[in-house]
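Remarks on the overall topology
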Amino acid sequence: HRGVDLAAHAGDPVVSPRAGRVGFVGRVAGTPVLTIDHGMLRATYQPVTSSLTAGTPVAAGQVVATVATGGHCSGQCLHWGALMNDRYVDPRLLLGHTRVVLRPL
């Protein structure tokens, strides 16, 4: 498993943590996916529904998609992954030096 699963429900908004450009919107192995290129990092969000198209610039904090159903999350989570130089890394790097605190459900 490469990335983190964030608690979410189908229909919840997905917000870009940084400015970037949409790299891909479509299905991968039947799962709806969105990727955003953030310079050295490329983030992947799934399962999501987005009206954006490849090449569209996005701002930090912009809603880029909504959580959909499909994949291993089945509408109950958002899978967030990141690649740097074609190697998987912790996507929380996109948050900079922000402290991440996980809360129980």
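Reading guide: rules and limits
Residues numbered from 1 in each chain as written. Predicted model: local features only at pLDDT ≥ 70, side-chain atom pairs only at ≥ 80, totals over all residues. Heavy atoms only, no water. Helix = DSSP H or I, 4+ residues; strand = E, 2+ residues; numbered from the N terminus. Buried < 20%, exposed > 50% of the residue type's maximum accessible area, 1.4 Å probe, protein only. Contact = heavy atoms within 4.5 Å. Areas by Shrake-Rupley, 256 points an atom, 1.4 Å probe, with all protein chains shown as cover. Core = buried A, V, L, I, M, F, W, Y, C linked by side-chain atoms within 4.5 Å. pLDDT = per-residue confidence, 0-100.

Some points on the overall build of the protein
Of the regular secondary structure elements, the protein holds 0 helices and 10 strands. Mapped in sequence order, the helices and strands of the protein form the string β-β-β-β-β-β-β-β-β-β. Scored against the burial criterion, the 105 residues of the protein give a buried share of 35%. Once local pairs closer than 6 in sequence are excluded, the contacts in the protein between residues at least 24 apart make up 61%. As presented, the protein carries roughly 6300 Å² of accessible surface, and 54% of it is formed by carbon and sulfur atoms.

A word on the nonpolar core
One finds Val14, Leu34, Tyr45, Val48, Val64 and Leu78 to be the most contacted residues of the largest nonpolar core, which totals 15 residues. Elements with a contribution of two residues or more to this core: β4 (31-38), β5 (41-46), β8 (63-67) and β9 (77-84). Ranked by residues supplied to this core, first place goes to β8 with 3 residues. Among all residues touching Val64, those that are not within four sequence positions of it are Val14, Ser16, Leu34, Ile36, Ser50, Leu52 and Val58.

So, unusual backbone geometry
Cis geometry marks the peptide bond from Gln46 to Pro47, where omega comes out at -10 degrees. On the secondary structure map, Pro47 appears in the loop between β5 and β6 (48-49). Within the chain, Ala29 stands out as a residue other than glycine whose phi angle is a positive 50 degrees. Residue placement: Ala29 occurs in the loop between β3 (20-28) and β4. Notably, Asn85 is not glycine yet its phi reads approximately 55 degrees, a positive angle. Relative to the helices and strands, Asn85 is located in the loop between β9 and β10 (87-89). You can call Asn85 exposed: its relative accessible area is 63%.

Some remarks on the confidence of the model for the protein
Per-residue confidence for the protein averages 85 on the pLDDT scale, and 83% of its residues sit at or above 70. Across the protein, element-level confidence peaks in strand β7 (residues 57-58) with a mean pLDDT of 98 and bottoms out in β10 with 79.

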